[in-house]
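If you want the building blocks of each chain, they are given just below.
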Amino acid sequence: MQFSKIQVLLAIFAMAIGSFAIGIGEFVIMGLLPDVAADFNTDTRETGHLISLYALGVVIGAPLITILFARLPRKPMLLALMLAFSLGNFASASADNYTLLQVLRFLTGLPHGAYFGIACLVAADMVRKNQRGMAVTMVMMGLTVAILVGNPLATWLGQLIDWRTVYHTVGALGLLAFVMIFIVVPKHPNEKKTSARGEMQALQNPQVWLTLAIGAIGFGGMFAVLSYIAPTLINATGLDSHWIPIALFIYGLGSLAGSLVGGWAADRNLKLTIGGSLVWSAIVLAIFPLTLQSLWTVMPMVLLLGSSAALVPALQVRLMDVAGEAQTLAASLNHSAFNAANALGAWLGGLAIISPLSWQGTGWVGCALSLAGLLLFWVTKKHSRRTPNIVSL
């Protein structure tokens, strides 16, 4: 079925609002770790577990929800997932102890991956094949704008009022996305019917697993630094807390540029986009620890750190190429992989901070993870060329 440009743009915009809400809900905690730690009388490193728990929810929820509800049409699934996400954030804002907040952040992460996976497929199905990379990028643009504008503003709001107000706001944004999706995202009459068994075929494809591993490990390098960007800039660079929203805005600029370039490049040369993004990320992360002494050196590196987002649309398109009939599960698993990267990066970054490497260690750990992702990309490329009926890299 052919959709008009207006239909496509409105649908993508509605789904991007959901991406925007999810982006703030996931990443704002990184700028508010000191505030949450002070509220519950925990240390910053322990509070960092909230990042890993949300990410763990995404990792578990994406395949579980996709398989259990494989027969449901995509639009009702988008609505149910966005509603669950909104309620999770409202509940998080009301948590009266740290243990309950940990449980709620895990539960709120469950619908995240399935939402992104389904939204990206809906967008990709509404455009021509050679426009899929940009369609995915535009859905993910809500996430990018959240990083660029939403998180700095939300961090500022959390510092000005409290972190609970931020999660109330995220819940309200989720409800707005729910209403918009209900109104403007069309039902797809040609949507392919699938089943749990059909979706699970993706799990039998080594190329799916290798592509997911590139994201889970290679992108973990960026999260090793980003997860602790607030305490790093305060303790290592000596900045006041009011610089944190500015740093997050600068990171968002880099992420916006990286996402746009990555979507454009993925439609032209997928292999070069994936490999080049990993090499670029490794270089940036290797230099980052050397720039922490000064505001004027660290902020440009924060900008370049964001540009590693070029990898995201490229891996999403790669999964569409190799997943066969199991498109929904593969697309959802991509976001599980990136949140596995979030959990892995946050965990290893935390270990680096308490090691003799201290705050500089997050960059060294990040560089090692990016190089490991590059090695996995090389393995994936070699395997794809030896496997029949697989689009080679």
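Residues numbered from 1 in each chain as written. Predicted model: local features only at pLDDT ≥ 70, side-chain atom pairs only at ≥ 80, totals over all residues. Heavy atoms only, no water.

A. Region of the structure containing the overall build of the protein chain. When helices and strands are counted, the protein chain shows 19 helices and 0 strands. For 393 residues, the compact-globule formula gives about 21 Å, and the C-alpha radius of gyration of the protein chain, at 20 Å, lands near that figure. When each of the 393 residues of the protein chain is scored for burial, the buried share is 59%. When the accessible surface of the protein chain is totalled, it reaches about 15,500 Å², and 69% of it is carbon and sulfur. In the protein chain, the 21 positive side-chain charges and the 14 negative ones have mean positions that sit 18 Å from each other. (Helix = DSSP H or I, 4+ residues; strand = E, 2+ residues; numbered from the N terminus. Rg over C-alpha atoms; globule rule 2.2 N^0.38 Å. Buried < 20%, exposed > 50% of the residue type's maximum accessible area, 1.4 Å probe, protein only. Areas by Shrake-Rupley, 256 points an atom, 1.4 Å probe, with all protein chains shown as cover. Lys, Arg positive; Asp, Glu negative; His and termini not counted. Charge placed at Lys NZ, Arg CZ, Asp CG, Glu CD.)

B. Focus on the packing of helix 11 (residues 206-218) against helix 17 (residues 311-322). Their axes nearest at 9 Å, the elements helix 11 and helix 17 cross at an angle of 175°. Relative to helix 17, the element helix 11 lies roughly antiparallel. Contacts from Gln 207, Val 208, Thr 211, Leu 212, Ile 214 and Gly 215 in helix 11 reach Leu 315, Arg 318, Leu 319 and Val 322 in helix 17. Taken together, the residues of the contact of helix 11 with helix 17 break down into 6 nonpolar, 3 polar and 1 charged. (Axes fitted to C-alpha atoms, helices over the stretch in contact; angles between N-to-C directions. Parallel < 35°, antiparallel > 145°, perpendicular 65-115°, else oblique. Contact = heavy atoms within 4.5 Å. Nonpolar A, V, L, I, M, F, W, Y, C, P; charged D, E, K, R; others polar.)

C. Up close: the packing of helix 1 (residues 5-27) against helix 9 (residues 163-184). Contact pair helix 1 / helix 9: the axes reach a minimum separation of 8 Å and the direction vectors enclose 165°. By the criterion of interaxial angle, the relationship of helix 1 to helix 9 is roughly antiparallel. Like other packed secondary-structure pairs, helix 1 and helix 9 cross with a definite hand, here left-handed. Contacts between helix 1 and helix 9 involve Leu 10, Ala 11, Phe 13, Ala 14, Met 15, Ile 17, Gly 18, Phe 20, Ala 21, Ile 24 and Gly 25 on the former and, on the latter, Tyr 167, Val 170, Leu 173, Gly 174, Leu 176, Ala 177, Met 180, Ile 181 and Val 184. Within the contact of helix 1 with helix 9, the residues separate by chemical class into 17 nonpolar, 3 polar and no charged. (Left-handed = near helix turned anticlockwise from the far one by under 90°.)

D. Representation of the packing of aromatic side chains within the structure. Following the criterion strictly, the structure yields 7 aromatic pairs and no others. Between the aromatic rings of Phe 219 and Phe 223, the centroid separation amounts to 5.5 Å while the plane-to-plane angle is 85°, which identifies the pairing as edge-to-face. Taken as a pair, Phe 219 and Phe 223 share a single burial class, namely buried. Ring centres of Phe 219 and Phe 338 lie 5.1 Å apart, and the angle between their planes is 75°; this geometry places the pair in the edge-to-face category. A residue pair is termed long-range when its members are at least 10 positions apart, and Phe 219 in the loop between helix 11 and helix 12 (220-226) and Phe 338 in helix 18 (residues 327-353) qualify at 119 residues. By the ring-pair criterion, three or more aromatic residues cluster together here, those being Phe 27, Phe 219, Phe 223 and Phe 338. The ring centre of Phe 182 lies 5.7 Å from the NZ or CZ of Lys 75, which sits over that ring. (Phe/Tyr/Trp six-rings, centres within 6.5 Å; stacked < 30°, edge-to-face > 60°. Lys NZ or Arg CZ within 6 Å of the ring centre and 35° of its normal.)

E. How the structure looks around the pattern of salt bridges. Taken as a whole, this structure holds 2 salt bridges when the rule is applied. With its nearest N and O atoms 2.5 Å apart, the salt bridge here joins Arg 74 to Asp 125. Of this pair, Arg 74 sits in helix 5 (residues 74-93) while Asp 125 sits in helix 7 (residues 112-125); the two residues are 51 residues apart in sequence, bridging distant segments of the chain. The class of Asp 125 is partly exposed, set by a relative accessible area of 37%. (Salt bridge = Lys/Arg side-chain N within 4 Å of Asp/Glu carboxyl O.)

F. Representation of a positive patch on the surface. Residues Lys 271, Lys 382, Arg 385 and Arg 386 make up a contiguous surface patch of positive charge. A per-element tally of the positive patch places helix 19 (residues 361-386) first, with 3 residues. By the element assignment, Arg 386 lies in helix 19. Taking relative accessible area as the criterion, Arg 386 reaches 64% and is therefore assigned exposed. (Patch = residues over 30% accessible without salt bridge, like charges linked within 9 Å, V, L, I, M, F, W, Y side chains within 5 Å.)

G. Spatial organisation of a nonpolar patch on the surface. Taken together, Val 145, Val 149, Leu 153, Trp 156, Leu 160, Ile 161, Phe 249, Leu 253 and Leu 303 make up a surface patch of nonpolar side chains, about 780 Å² in accessible area. Counting only elements with at least two residues in the nonpolar patch, the list comes to helix 8 (132-160) and helix 14 (243-266). Per-element accounting of the nonpolar patch gives the leading share, 5 residues, to helix 8. Note that Ile 161 resides in the loop between helix 8 and helix 9.

H. Seen up close, the nonpolar core. Ranked by internal contacts, the top residues of the largest apolar core, which has 108 residues, are Met 15, Tyr 115 and Ile 274. The leading source of residues in this core is helix 1, at 11 residues. In this view, Met 15 contacts Leu 78, Tyr 115, Ala 119, Val 122, Ala 123, Val 139, Ile 181 and Val 185; residues no more than four positions away in its chain are not counted. Among the nonpolar cores identified, the runner-up in size contains 10 residues, and Leu 329, Ala 330, Leu 333 and Ala 337 belong to it. (Core = buried A, V, L, I, M, F, W, Y, C linked by side-chain atoms within 4.5 Å.)

I. Structural context of unusual backbone geometry. With a phi close to 60°, Asn 41 is a non-glycine residue in the positive phi region. For Asn 41, a relative accessible area of 73% puts it in the exposed group. Located in the positive-phi region is Ser 358, a residue other than glycine, with phi close to 60°. With respect to the secondary-structure elements, Ser 358 resides in the loop between helix 18 and helix 19. A relative accessible area of 25% means that Ser 358 is categorised as partly exposed.

J. Local environment of helix 16 (residues 295-306). Taking 1.5 Å of rise per residue, 12 residues should cover 16 Å, and helix 16 covers 17 Å from first to last C-alpha, within 8% of that figure. Every buried residue of helix 16 is listed here: Leu 295, Val 298, Met 299, Met 301, Val 302, Leu 305 and Gly 306. For helix 16, the angular spread of the buried residues around the axis is 165°, confining them to a single face. Buried residues belonging to helix 16 abut helix 12, helix 13 (229-235), helix 14 and helix 15 (270-287). One side-chain oxygen of the residue at the start of helix 16 lies 3.1 Å from the amide nitrogen of Trp 296, identifying that residue as Ser 294. (Expected span 1.5 Å × (residues − 1). Arc of directions from axis to C-beta. Polar contact = N/O pair within 3.5 Å; in protein donor to acceptor, adjacent residues only side chain to side chain.)

Any link to function would need more than the numbers given here.
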